[in-house]
Amino acid sequence: MCPGAPELDLCIKVLVSTICAIPACAVVKLRNVAGQADALAHAALGGILGSMTLVAGKTLISRLQAPDFTVLSVIPYCIVAALVCPLHLFVLNRGFGRHSLVFLSPAQGALGLLANVTTGFCLYSEVPVSTLGFCLGVALLLMGVVVLCSKKQVKCASRGDPDFVQSYGEVRTQRLQA
């Protein structure tokens, strides 16, 4: 990632691992509790893992295109991509299976965008053209996530609700015999 600066590279890896560990611990701790905190932890972990997937892909491709390319030099990057990508998909699917898509998708998108901006700034030295515009954009993203978190959850209709049955039909709880 950072040629010529192995100490900085190690520091970035430790920092990213720590940042990723916080929502991962929250997801594990709240695995038996479905609520806003669990949904926010899934959204944050999904956003961070999405950014990690992007960085893993970029570094793998740049390593494949390097003039000093060897198969052995690419293996560590392949291992990272092989671990991060399926984990990202697992967290996305688990989150979408447990929580409302109306909450999780925008929260995950906003937190993923913040993670991408942060990795672009830290790893690739990308800086905003307009500092004021950038700060306003980040503030809007954060306010959107706060608004999503502060909304009271609406309970879904039960299976016996006449409107539900009329709209979707009778729900069978037995599995179909193959």
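Residues numbered from 1 in each chain as written. Predicted model: local features only at pLDDT ≥ 70, side-chain atom pairs only at ≥ 80, totals over all residues. Heavy atoms only, no water.

Digging into the overall build of the chain
Applicable threshold: A run of H or I in DSSP counts as a helix once it spans at least four residues, and a run of E counts as a strand once it spans at least two, with each numbered from the N terminus. Residue burial is assigned from relative accessible area. The probe radius is 1.4 Å, only protein chains are included, and a residue is buried under 20% of its type maximum, exposed over 50%, and partly exposed in between. By definition in these notes, contact holds between two residues if any of their heavy atoms fall within 4.5 Å. Only the protein chains shown count as cover for residues, and all accessible areas are computed by the Shrake-Rupley method using a 1.4 Å probe.
Of regular secondary structure, the chain possesses 6 helices and 0 strands. When the elements of the chain are put in sequence order from the N terminus, they spell out α-α-α-α-α-α. Out of the 178 residues belonging to the chain, those deemed buried represent 25%. Restricting to contacts in the chain with at least 6 residues of sequence separation, those with at least 24 account for 68%. Of the roughly 12400 Å² that the chain leaves accessible, carbon and sulfur atoms contribute 69%.

A short note on the packing of helix H2 (residues 36–64) against helix H4 (residues 101–124)
Our working rule: Only C-alpha atoms enter the line fits that serve as axes; for helices the fit covers just the stretch in contact. Angles between N-to-C directions range over 0 to 180 degrees. Each angle gets one of four labels, with under 35 degrees taken as roughly parallel, over 145 as roughly antiparallel, 65 to 115 as roughly perpendicular, and the rest as oblique. Crossing handedness is read from the near helix: turned anticlockwise from the far helix by less than a right angle, it gives a left-handed crossing, and turned clockwise, a right-handed one. Polar here means any residue other than Ala, Val, Leu, Ile, Met, Phe, Trp, Tyr, Cys and Pro, which are nonpolar, and Asp, Glu, Lys and Arg, which are charged; Gly is therefore polar.
Between H2 and H4, the shortest axis-to-axis distance is 8 Å and the interhelical angle comes to 40°. Taken together, H2 and H4 sit at an angle that is classed as oblique. The two elements H2 and H4 meet at a crossing, and its hand is right-handed. When the residues that make up the contact of H2 with H4 are grouped by side-chain class, the tally is 14 nonpolar, 10 polar and 1 charged.

Notes on the side chain of Gln108
Position of Gln108 among the secondary structure elements: in helix H4. For Gln108, a relative accessible area of 9% corresponds to the buried category. Aside from chain neighbours lying at most four places away, what touches Gln108 is His42, Ala43, Gly46, Gly47, Leu92 and Phe96.

Looking at the packing of helix H3 (residues 71–98) against H4
The contact between H3 and H4 brings their axes to 8 Å, and the two run at 145°. H3 and H4 meet at a crossing whose hand is right-handed. In this structure, H3 uses Leu92, Gly95 and Phe96 to contact H4, whose residues at the interface are Leu101, Leu104, Ser105 and Gln108. Here the contact of H3 with H4 is built from residues that sort into 4 nonpolar, 3 polar and no charged.

Re the nonpolar core
Rule in force here: To define a nonpolar core, start from buried Ala, Val, Leu, Ile, Met, Phe, Trp, Tyr and Cys residues and group those joined through side-chain atoms within 4.5 Å.
Among the nonpolar cores identified, the biggest contains 9 residues, and these are Ala39, Ala43, Phe103, Leu104, Ala107, Ala110, Leu111, Leu114 and Val145. Secondary-structure elements contributing two or more residues to this core are H2 and H4. In terms of residues, this core owes the most to one element, H4, which gives 6 residues. Ignoring anything within four residues of it in the chain, the contact list for Leu104 reads Ala39, His42, Ala43, Gly95 and Phe96. Grouped together as the second largest cluster of nonpolar side chains are 7 residues, Cys20, Val27, Ile48 and Val91 included.

Digging into a nonpolar patch on the surface
Applicable threshold: Within this analysis, patches are made of residues with over 30% relative accessible area and no salt bridge. Like charges are joined at 9 Å or less; nonpolar side chains (Val, Leu, Ile, Met, Phe, Trp, Tyr) at 5 Å or less. Any carboxyl oxygen of Asp or Glu within 4 Å of a side-chain nitrogen of Lys or Arg constitutes a salt bridge here.
Nonpolar side chains collect at one region of the surface, where Leu64, Phe69, Val71, Leu72, Ile75, Ile79 and Leu83 lie side by side and expose about 700 Å² of accessible area between them. Considering each element in turn, the nonpolar patch owes the most residues, 5 residues, to H3. For Ile79, the position within the fold is in helix H3.

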